[in-house]
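Observations on chain architecture
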Amino acid sequence: MDRIKALYDKYKDFIMEVIHFGIVGVINTLMGWGIMAVLYNLIHMNYWLSSGISYFIGSVFSYHANAKLTFKVEERDKWLPWRFAINIAICYFIAFKVAQSIVVAVLNSPNVALVDNIAMIVGMCLFVVMNFFGQKLFVFRKRTVKKKED
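Presented here is an overview of the structure given in this document. (Residues numbered from 1 in each chain as written. Predicted model: local features only at pLDDT ≥ 70, side-chain atom pairs only at ≥ 80, totals over all residues. Heavy atoms only, no water.)

Going through the model one piece at a time under the given rule, you end up with 1 cavity of 30 Å³ or more. For the largest cavity, the calculated volume is near 230 Å³. Lining the largest cavity are 18 residues, with Gly25, Asn28, Thr29, Tyr55 and Phe127 positioned closest to its centre. Those elements that provide at least two residues to the lining of the largest cavity are helix H1 (2-42), helix H2 (47-70) and helix H4 (112-139). Tallying contributions element by element places H1 first for the lining of the largest cavity, with 7 residues. Along the lines of polarity and charge, the residues of the lining of the largest cavity split into 8 nonpolar, 10 polar and no charged. (1 Å grid on protein atoms, 1.4 Å probe; cavity = no way out; pocket = protein on both sides within 12 Å on 5 of 7 lines; lining within 4 Å. Points joined across faces, edges and corners; volume = space filled by probe spheres on them. Helix = DSSP H or I, 4+ residues; strand = E, 2+ residues; numbered from the N terminus. Nonpolar A, V, L, I, M, F, W, Y, C, P; charged D, E, K, R; others polar.)

Following this line, the structure appears as structure tokens:
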């Protein structure tokens, strides 16, 4: 038990970040999937437009929620929103392109709607993992300030 407590104490901040990111992610995913499903299946927008609009809307929510709740960013620099946007764009295009390629290859189905819907789900999963590490290591990274030595 002491070993588990020691591990928890050592990784407590990381564990709490993952939990908070997960909570924000669940809310964001439900909202995002709803928007994507409506745009793709009811309004008949294409794969990229429906997922892109959904991710743009979800990203605005995610930026504010993760900055405040997950990574507890107190100081805001002018580059923070730009790093966030770059991270989202890179994660989005890689995750959804990889997902689409994998699902097309695996299913090999003529049913485009089925392939695209499954690819959107796979893309969301890939995006979550990539986005967490992008936000932690690139967007909301903790900077250490070097002290000047006299």
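Helix-helix packing is characterised by the crossing angle of the two axes and by the distance between the axes. Between H2 and H4, the shortest axis-to-axis distance is 12 Å and the interhelical angle comes to 30°. Comparing their axes, H4 and H2 come out roughly parallel. Crossing of H2 against H4: the hand is right-handed. Between H2 and H4, the contacting residues are Tyr47, Ser50, Tyr55, Ser62 and Asn66 on the first element and Asp116, Ala119, Met120, Met124, Phe127 and Gln135 on the second. Along the lines of polarity and charge, the residues of the contact of H2 with H4 split into 6 nonpolar, 4 polar and 1 charged. (Axes fitted to C-alpha atoms, helices over the stretch in contact; angles between N-to-C directions. Parallel < 35°, antiparallel > 145°, perpendicular 65-115°, else oblique. Left-handed = near helix turned anticlockwise from the far one by under 90°. Contact = heavy atoms within 4.5 Å.)

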